[in-house]
Amino acid sequence: MSLDISTNGFLDFRFNNNQELLDGITLPNKFNVSINSNKNWLLNVSTLTSKFLAIGSQASTQMPPDILSIKKNNSSTFVPLSQNSNTVGIGYKGDNTSAGNQFKLDIKATPGYTFNGGTYAIVLIFTLSPQ
């Protein structure tokens, strides 16, 4: 099994109004995923820590990872991020040219009014495993 994930730049969410804070902002097709596998597979995602790393004096130190959620670009359901592993995709054996073994992921931020604006960091862990 092999997994290749790339992104097209930083995850830079800029909220322009209060409604965007509540409804969230989606960065479509932010991750490119390519899978080669000799078994049917599961793609899971989790975070390394239970909180974001707050960078700067104004950033909130207790922001949880579930303000971010992720989904396959052809799905309608976002999966909230956490330290617990959650399935973001399933597929079948084959190389990256097989149907469903190459796709894109959307990521969404929905912070609400609880947390301060600022710069934050969090490590995402993608895990490919057999079904």
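Residues numbered from 1 in each chain as written. Predicted model: local features only at pLDDT ≥ 70, side-chain atom pairs only at ≥ 80, totals over all residues. Heavy atoms only, no water.

Draft legend 1. Main features of the nonpolar core. In terms of nonpolar packing, the biggest core is built from 24 residues, with Phe13, Leu43, Leu68, Ile70, Phe103, Leu105 and Phe126 touching the most fellow members. Secondary structure elements with two or more residues in this core: strand S2 (25–36), strand S3 (41–47), strand S5 (68–72), strand S8 (102–109) and strand S10 (124–130). By residue number, the principal contributor to this core is S2, which donates 5 residues. Among residues more than four places away in sequence, those in contact with Leu43 are Leu3, Val33, Asn86, Thr87, Val88, Gly89, Phe103, Phe126, Thr127 and Leu128. (Core = buried A, V, L, I, M, F, W, Y, C linked by side-chain atoms within 4.5 Å. Buried < 20%, exposed > 50% of the residue type's maximum accessible area, 1.4 Å probe, protein only. Helix = DSSP H or I, 4+ residues; strand = E, 2+ residues; numbered from the N terminus. Contact = heavy atoms within 4.5 Å.)

Draft legend 2. A look at the packing of aromatic side chains. Per the counting criterion, the structure on display carries 3 aromatic pairs. Pairing Trp41 with Phe103 gives two aromatic rings, centres 6.1 Å apart and planes at 10°, and the pair type is stacked. In this pair, Trp41 sits in strand S3 while Phe103 sits in strand S8, placing the two residues 62 residues apart along the sequence. Positioned over the ring face of Phe78 is Lys71, at 5.3 Å from the centre of the ring. Between the NZ or CZ atom of Lys72 and the centre of the ring of Phe103, over which it lies, the distance is 4.4 Å. (Phe/Tyr/Trp six-rings, centres within 6.5 Å; stacked < 30°, edge-to-face > 60°. Lys NZ or Arg CZ within 6 Å of the ring centre and 35° of its normal.)

By themselves, these figures tell us nothing about what the structure is for.
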